[in-house]
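Chains, contacts and geometry: an overview
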Amino acid sequence: MTLLRSSVIWWAGLLLSLVGPSLAQEFVTPLEGPPSDDGLITIESDSQTADNVTGVVTAIGNVRIVYPSRGTVATSRQAQYFSREGRLVLSGDVDVVQEDGSTLRAERVTYNLEDERAVAVPSSGGQVRSTMILRPDQPAQTPLTP
(Lines give C-alpha, C1' and ligand atoms only; values in the text may rest on other atoms or scores of the structure.)
Protein backbone atom coordinates (compact mmCIF):
# COMPACT_ATOMS: atom_id res chain seq x y z
CA MET A 1 0.00 0.00 0.00
CA THR A 2 2.88 2.38 0.79
CA LEU A 3 4.44 1.76 -2.64
CA LEU A 4 1.10 2.46 -4.33
CA ARG A 5 0.58 5.65 -2.30
CA SER A 6 4.13 6.83 -3.12
CA SER A 7 3.56 6.03 -6.79
CA VAL A 8 0.32 8.02 -6.89
CA ILE A 9 1.95 10.95 -5.10
CA TRP A 10 4.96 10.84 -7.43
CA TRP A 11 2.80 10.67 -10.58
CA ALA A 12 0.69 13.56 -9.28
CA GLY A 13 3.87 15.55 -8.66
CA LEU A 14 5.13 14.71 -12.15
CA LEU A 15 1.89 15.82 -13.76
CA LEU A 16 1.78 19.01 -11.70
CA SER A 17 5.35 19.84 -12.66
CA LEU A 18 4.50 19.35 -16.33
CA VAL A 19 1.36 21.47 -16.07
CA GLY A 20 2.94 24.19 -13.92
CA PRO A 21 1.39 27.65 -13.97
CA SER A 22 -1.32 26.75 -16.46
CA LEU A 23 -3.08 24.49 -13.93
CA ALA A 24 -5.35 27.24 -12.57
CA GLN A 25 -6.19 28.38 -16.08
CA GLU A 26 -7.15 24.83 -17.08
CA PHE A 27 -9.98 24.75 -14.53
CA VAL A 28 -11.64 27.88 -15.94
CA THR A 29 -10.98 27.25 -19.63
CA PRO A 30 -14.06 25.99 -21.52
CA LEU A 31 -13.83 22.53 -23.05
CA GLU A 32 -14.44 23.84 -26.58
CA GLY A 33 -11.59 24.94 -28.82
CA PRO A 34 -8.13 23.58 -29.56
CA PRO A 35 -6.19 21.93 -26.73
CA SER A 36 -3.65 24.07 -24.93
CA ASP A 37 -0.02 23.01 -24.74
CA ASP A 38 -0.12 22.39 -21.00
CA GLY A 39 2.08 19.29 -21.04
CA LEU A 40 -0.58 17.07 -19.44
CA ILE A 41 -0.17 13.39 -20.27
CA THR A 42 -2.11 10.27 -19.32
CA ILE A 43 -0.32 7.00 -18.66
CA GLU A 44 -2.20 3.71 -18.47
CA SER A 45 -0.56 0.37 -17.71
CA ASP A 46 -1.00 -2.90 -15.85
CA SER A 47 1.25 -1.66 -13.04
CA GLN A 48 3.20 1.47 -12.14
CA THR A 49 5.93 2.03 -9.58
CA ALA A 50 7.96 5.03 -8.52
CA ASP A 51 11.27 5.13 -6.69
CA ASN A 52 11.65 8.46 -4.89
CA VAL A 53 15.32 7.71 -4.15
CA THR A 54 16.39 7.22 -7.77
CA GLY A 55 13.65 9.34 -9.34
CA VAL A 56 12.67 6.54 -11.74
CA VAL A 57 9.02 5.89 -12.58
CA THR A 58 8.20 2.61 -14.31
CA ALA A 59 5.01 1.52 -16.06
CA ILE A 60 4.80 -2.14 -17.07
CA GLY A 61 2.36 -4.07 -19.23
CA ASN A 62 0.06 -2.69 -21.91
CA VAL A 63 1.50 0.80 -21.55
CA ARG A 64 -0.43 3.56 -23.30
CA ILE A 65 0.70 7.18 -23.11
CA VAL A 66 -1.61 9.91 -24.42
CA TYR A 67 -0.26 13.44 -24.96
CA PRO A 68 -3.33 15.30 -26.29
CA SER A 69 -1.79 18.74 -26.74
CA ARG A 70 0.80 17.21 -29.09
CA GLY A 71 -1.66 14.84 -30.78
CA THR A 72 0.47 11.82 -29.87
CA VAL A 73 -0.36 8.34 -28.55
CA ALA A 74 2.42 5.86 -27.74
CA THR A 75 2.11 2.21 -26.74
CA SER A 76 4.74 -0.22 -25.50
CA ARG A 77 5.28 -3.08 -23.08
CA GLN A 78 7.27 -0.88 -20.66
CA ALA A 79 7.97 2.81 -20.10
CA GLN A 80 10.48 4.34 -17.72
CA TYR A 81 10.79 8.02 -16.90
CA PHE A 82 14.18 9.04 -15.49
CA SER A 83 13.27 12.36 -13.86
CA ARG A 84 16.83 13.41 -12.99
CA GLU A 85 18.01 12.99 -16.58
CA GLY A 86 14.76 14.15 -18.19
CA ARG A 87 14.65 10.95 -20.24
CA LEU A 88 11.76 8.71 -21.25
CA VAL A 89 12.49 5.16 -22.45
CA LEU A 90 9.79 3.09 -24.14
CA SER A 91 10.62 -0.56 -24.78
CA GLY A 92 8.94 -3.60 -26.25
CA ASP A 93 6.83 -3.26 -29.38
CA VAL A 94 6.86 0.54 -29.34
CA ASP A 95 4.29 2.29 -31.54
CA VAL A 96 4.03 6.08 -31.70
CA VAL A 97 1.12 7.56 -33.65
CA GLN A 98 0.44 11.24 -34.30
CA GLU A 99 -2.93 12.68 -35.25
CA ASP A 100 -1.65 13.66 -38.71
CA GLY A 101 -1.01 9.97 -39.48
CA SER A 102 2.76 9.91 -38.88
CA THR A 103 3.89 6.71 -37.15
CA LEU A 104 6.98 5.10 -35.68
CA ARG A 105 7.55 1.42 -34.85
CA ALA A 106 10.62 0.19 -33.00
CA GLU A 107 11.70 -2.13 -30.22
CA ARG A 108 13.04 0.72 -28.09
CA VAL A 109 12.69 4.51 -28.20
CA THR A 110 14.70 6.82 -25.94
CA TYR A 111 13.46 10.40 -25.79
CA ASN A 112 15.36 13.28 -24.16
CA LEU A 113 12.80 15.82 -22.97
CA GLU A 114 15.27 18.68 -22.60
CA ASP A 115 16.62 18.79 -26.15
CA GLU A 116 13.63 16.99 -27.75
CA ARG A 117 15.78 14.33 -29.39
CA ALA A 118 14.90 10.70 -29.78
CA VAL A 119 16.68 7.52 -30.79
CA ALA A 120 14.72 4.53 -32.09
CA VAL A 121 16.32 1.07 -32.06
CA PRO A 122 14.97 -2.05 -33.81
CA SER A 123 14.72 -5.55 -32.39
CA SER A 124 17.64 -7.84 -33.15
CA GLY A 125 17.77 -8.39 -36.90
CA GLY A 126 14.83 -6.06 -37.49
CA GLN A 127 14.35 -2.50 -38.62
CA VAL A 128 12.80 0.71 -37.33
CA ARG A 129 9.81 1.77 -39.42
CA SER A 130 8.44 5.27 -39.65
CA THR A 131 5.93 6.99 -41.88
CA MET A 132 5.60 10.75 -42.12
CA ILE A 133 3.06 12.96 -43.79
CA LEU A 134 4.94 15.75 -45.57
CA ARG A 135 2.98 18.78 -46.65
CA PRO A 136 4.59 21.82 -48.29
CA ASP A 137 2.35 24.25 -46.37
CA GLN A 138 3.50 23.22 -42.89
CA PRO A 139 6.80 22.43 -41.16
CA ALA A 140 7.71 18.76 -41.10
CA GLN A 141 7.38 16.91 -37.81
CA THR A 142 8.75 13.46 -37.22
CA PRO A 143 6.83 10.78 -35.35
CA LEU A 144 9.26 11.46 -32.51
CA THR A 145 8.29 15.12 -32.22
CA PRO A 146 6.27 15.45 -29.01
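Since we're looking at a predicted model, the values are computed, not measured.

1. Observations concerning the overall build of the protein
Helix and strand content of the protein: 2 helices and 8 strands. Helices and strands appear in the protein in the N-to-C order α-α-β-β-β-β-β-β-β-β. Evaluated residue by residue, the protein yields a buried proportion of 29% over its 146 residues. Put simply, of all contacts in the protein between residues at least 6 apart along the chain, 39% involve residues at least 24 apart. With the model as given, the accessible surface of the protein reaches about 9,400 Å², and the carbon-plus-sulfur share is 56%.

2. Here we look at unusual backbone geometry
Phi is mostly negative for residues that are not glycine, and the peptide bonds are mostly trans. Residues other than glycine seldom take positive phi values, yet Asp93 does so here, at roughly 50 degrees. For Asp93, a relative accessible area of 49% corresponds to the partly exposed category. In this model, Glu116 sits at a positive phi of 55 degrees, which is unusual for a non-glycine residue. Tracing the backbone shows Glu116 in the loop between strand S6 (103-112) and strand S7 (117-121). Exposure remark for Glu116: the relative accessible area of 47% places this residue in the partly exposed category.

3. Observations concerning the pairing of strand S5 (residues 87-98)
Across a regular strand the side chains alternate sides, sitting on one face of the sheet and then on the other. Bridge analysis of strand S4 (residues 72-82) against S5 gives 9 bridges, and the strand direction is antiparallel. If you follow Gln78 over to S5, its bridge partner there is Ser91. Linking S4 to S5, which pair antiparallel, is a turn of 4 residues; within it Gly86 sits at a positive phi near 65 degrees. In this sheet, S6 lies alongside S5 in antiparallel orientation, the contact comprising 9 bridges.

4. Comments concerning the environment of Asp115
In this fold, Asp115 is placed in the loop between S6 and S7. Exposure remark for Asp115: the relative accessible area of 41% places this residue in the partly exposed category. When the C-alpha atoms of Asp115 and Gly86 are compared, they prove to be 9.4 Å apart, with 29 residues separating the residues in sequence. One polar contact links the side chain of Asp115 to the main-chain amide nitrogen of Arg117, over a distance of 3.2 Å.

5. Digging into the packing of aromatic side chains
The final tally for this structure, using the stated rule, is 0 aromatic pairs. Directly above the aromatic system of Phe82 lies the positively charged group of Arg87, at a separation of 4.2 Å from the ring centroid.

Calculation notes
Residues numbered from 1 in each chain as written. Predicted model: local features only at pLDDT ≥ 70, side-chain atom pairs only at ≥ 80, totals over all residues. Heavy atoms only, no water. Helix = DSSP H or I, 4+ residues; strand = E, 2+ residues; numbered from the N terminus. Buried < 20%, exposed > 50% of the residue type's maximum accessible area, 1.4 Å probe, protein only. Contact = heavy atoms within 4.5 Å. Areas by Shrake-Rupley, 256 points an atom, 1.4 Å probe, with all protein chains shown as cover. Pairing = 2+ DSSP bridges. Polar contact = N/O pair within 3.5 Å; in protein donor to acceptor, adjacent residues only side chain to side chain. Phe/Tyr/Trp six-rings, centres within 6.5 Å; stacked < 30°, edge-to-face > 60°. Lys NZ or Arg CZ within 6 Å of the ring centre and 35° of its normal.

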